[in-house]
Amino acid sequence: MSSGRALVVDDDPGILEVLEMRLQSMGLDVTLAQSYRDAVLLLDGRSFDVALFDLRMEPVSGLKLMEAAHQRQPRLPVLIMTAHGTIDNAVEALREGAFDYLTKPFVPEELRGKIGRALSQRRWTRDRTMLKVVGEALGSSGTMERVLDTVAHATVEATEAERAVVFLLEEGRLVPMASAGAAPGSLDDLATTARTVIERKIPAAVTDADGRVRLGTPLFVGGGAAGALVVETMVQPTPDDLDLLALFSSQAAVALKNTRELERLRSGALAALGRMAAQVAHELRNPLGGLKLFADYLEQRLGVAEDSEGVEVARRISREVDHMTELVREITQFGRPTTLRRVPTSLNGLVESCLDLAQARRRTRRSVSRWISTRSSPPRCSIPASCARCFST
């Protein structure tokens, strides 16, 4: 039987002594408690793989303790023990959520078999949850931040650690990109563990004076360490925990690589679209310039001929050409890669410009309001009703 953590609660010291000896012989790390209060404190402080509760304890029964245990550790398999076993007791315990039922005195083969099945179910439930959340993380097509946040929450869910943080290396600095769970203290100690595992390129565990354990494993992307996944807990990790964290780190690295590749492809597609937009704009600019010239010439000739309707039509053509030219200019700016220029700026001048702009807008709104209040209806537009821009404005 592989190692695991067992919690045994019974108000009979003799029973506790017998069970401690037998469970330790099975390779389990055994923790004992004689009361409801002591058991709840232990459940709040660490996680367990299996629990054995006496049914008839005073003043709180084993079923009530099981309810409290499942509130704190929902996937914990609980075996209910009693010296007065009946079918009704067994049915009630199973109905309330117990994994199985044990009668006193214990039969060694029965005890070993039921403990083994409970541990197997515990690992199966944990692994199933792990596979689900890892699959969701790898299947996510969101941003890098979203993928890493999913990985951090999945790590806490599967390993039951108090906190998980994903660090990435950016220009030689460790940056926390995602975290899940809650634990006292800053991220500095976790960052130190992350740097240690990145330098060593192997997982490492550190235990501080308060008994807190920080376990980190590097994230390898493209043959080099790109960051680290670090968890913090109050429980010494088992080999299963180390394997689980290593699997999560490898999947986080795959998710990171996929997301970076997707972002690169998106950037390439946008760059290609920008180049195409610039080429289209260049091809349109010359004919639009010719149309503008012809419209101005036509307006001039019709003005000399005193054809007022023709002049108005020529002006409309000129306005539409100007509108198209502005669109081409915007397309050209889209196709041109933007660059950030930092220059010293006078804050006083910047504030004054903003105030001038705000005052101008306020004066414009007041003028429009006065115009509306002095007219019963707006002036009629001289442009025919078929003009769509008239309706839009």
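See above for the structure.
Rules of the game
Residues numbered from 1 in each chain as written. Predicted model: local features only at pLDDT ≥ 70, side-chain atom pairs only at ≥ 80, totals over all residues. Heavy atoms only, no water. Core = buried A, V, L, I, M, F, W, Y, C linked by side-chain atoms within 4.5 Å. Buried < 20%, exposed > 50% of the residue type's maximum accessible area, 1.4 Å probe, protein only. Helix = DSSP H or I, 4+ residues; strand = E, 2+ residues; numbered from the N terminus. Contact = heavy atoms within 4.5 Å. Patch = residues over 30% accessible without salt bridge, like charges linked within 9 Å, V, L, I, M, F, W, Y side chains within 5 Å. Areas by Shrake-Rupley, 256 points an atom, 1.4 Å probe, with all protein chains shown as cover. Salt bridge = Lys/Arg side-chain N within 4 Å of Asp/Glu carboxyl O. Lys, Arg positive; Asp, Glu negative; His and termini not counted. Charge placed at Lys NZ, Arg CZ, Asp CG, Glu CD. Axes fitted to C-alpha atoms, helices over the stretch in contact; angles between N-to-C directions. Parallel < 35°, antiparallel > 145°, perpendicular 65-115°, else oblique. Left-handed = near helix turned anticlockwise from the far one by under 90°. Nonpolar A, V, L, I, M, F, W, Y, C, P; charged D, E, K, R; others polar.

J.: Help me understand the nonpolar core in this model?
T.: Taken as a class, soluble globular proteins show a tendency for nonpolar side chains to be buried jointly. Val9, Phe53 and Ile80 are the most contacted members of the largest nonpolar core, which has 23 residues in total. Put simply, the parts of the chain that give this core at least two residues each are strand 1 (4-9), helix 2 (36-45), strand 3 (50-54), helix 3 (62-72), strand 4 (78-82) and helix 4 (87-95). Here this core takes 5 residues from helix 3, the largest share from any one element. Ignoring any residue separated from it by four or fewer positions in sequence, one finds valine 9 in contact with Leu16, Ala33, Ser35, Ala39, Leu52, Phe53, Asp54, Met57, Leu65 and Met81. Judged by nonpolar contacts, the second largest core, of 22 residues, contains Val156, Ala180, Leu219 and Ala252.

J.: Honestly, a negative patch on the surface in this entry has me stumped. Any pointers?
T.: A grouping of Glu67, Asp88, Glu92 and Glu96 is seen on the molecular surface, where their side chains present a negatively charged patch. Turning to its location among the elements, glutamate 67 is positioned in helix 3. Given a relative accessible area of 44%, glutamate 67 falls into the partly exposed group.

J.: Looking at this structure, I do not really get the packing of helix 2 against helix 3. What am I missing?
T.: Axes are the key here: two packed helices are described by the angle between their axes and the distance separating the axes. Running from N to C, helix 2 and helix 3 cross one another at 15°; their axes reach a closest spacing of 10 Å. Between helix 2 and helix 3, the crossing angle belongs to the class labelled roughly parallel. Seen from above, helix 2 lies across helix 3 with right-handed handedness. In contact with Tyr36, Ala39, Val40, Leu43 and Asp44 of helix 2, helix 3 contributes Lys64, Leu65, Ala68, Ala69 and Arg72. By residue class, the composition of the contact of helix 2 with helix 3 is 7 nonpolar, no polar and 3 charged.

J.: What am I meant to see in a nonpolar patch on the surface here?
T.: A surface patch of nonpolar side chains, amounting to about 250 Å² of accessible area, comprises Met276, Val280 and Leu284. One can find valine 280 in helix 8 (residues 239-304). Its relative accessible area of 41% is what places valine 280 among the partly exposed residues.

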